[in-house]
Amino acid sequence: QVQLVESGGGLVQPGGSLRLSCAASGSMVSDIAMGWYRQAPGKQRELVATINSGGGTNYADSVKGRFTISRDNAKNTVYLQMDSLKPEDTAAYYCIRVINIAGTPYPIGSWGQGTQVTVSS
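Residues numbered from 1 in each chain as written. Predicted model: local features only at pLDDT ≥ 70, side-chain atom pairs only at ≥ 80, totals over all residues. Heavy atoms only, no water.

Peer 1: Explain the sheet that holds strand E1 (residues 3–7) to me, and be specific about the residues and the numbers.
Peer 2: Two pairing modes exist for strands in a sheet, parallel and antiparallel, and in both the strands are linked by backbone hydrogen bonds. As summarised here, the arrangement of the four strands in space is E1-E3-E8-E7, forming an open sheet in which the pairing is antiparallel. Two strands close off the open sheet at either side, each with one partner strand: E1 and strand E7 (67–72). Neighbour-to-neighbour, the strand axes of this sheet turn through a mean angle of 20°, independent of strand direction. Relative to strand E8 (residues 77–82), E7 is paired through six bridges, and the arrangement is antiparallel. Counted as the bridge partner of Ser70 is Tyr79 from E8. (Pairing = 2+ DSSP bridges. Helix = DSSP H or I, 4+ residues; strand = E, 2+ residues; numbered from the N terminus. Axes fitted to C-alpha atoms, helices over the stretch in contact; angles between N-to-C directions.)

Peer 1: How would you sum up the side chain of Asn76? Please name residues and give values.
Peer 2: Considering the arrangement of structural elements, one finds Asn76 in the loop between E7 and E8. For Asn76, a relative accessible area of 9% translates into the label buried. Once residues within four sequence positions are removed from consideration, Asn76 is found in contact with Cys22, Ala23, Ala24, Ser25, Ser27, Met28 and Val29. (Buried < 20%, exposed > 50% of the residue type's maximum accessible area, 1.4 Å probe, protein only. Contact = heavy atoms within 4.5 Å.)

Peer 1: Give a description of the environment of Gln81 that names residues and reports values.
Peer 2: Positionally, Gln81 belongs in strand E8. Taking C-alpha positions, Gln81 is 8.8 Å from Ser21, a pair spaced 60 residues apart along the chain. Not counting residues within four places of it along the chain, the set of residues in contact with Gln81 comprises Ser17, Leu18, Arg19, Arg66, Phe67 and Thr68. A polar side-chain atom of Gln81 sits 2.9 Å from a polar atom in the side chain of Asp83. (Polar contact = N/O pair within 3.5 Å; in protein donor to acceptor, adjacent residues only side chain to side chain.)

Okay, here's the thing in structure tokens:
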């Protein structure tokens, strides 16, 4: 089972950028599909972006054009580059392995501690 540790969150002003990291162990991120989710207070956890083993990516409409998911196979790490941040991006962000069932990604495994992103002036 893959173990994941998220980092890189913080406080940023609207319009700013952050890069989140997800360091993996136990499995190679190049061999599996990975996703970033987020959960704002009082809201359900939502899928933000995914990257499959072939490098293909998908994004939620709310972040398309602003966020970029990528991975570094040598570091066994998945990243989420977040640009043009908005207050509504404020949430705890989590990475997790995902599997695709009939075109829909589903998280599998245990959630990590997440990393908090706060967008505020």
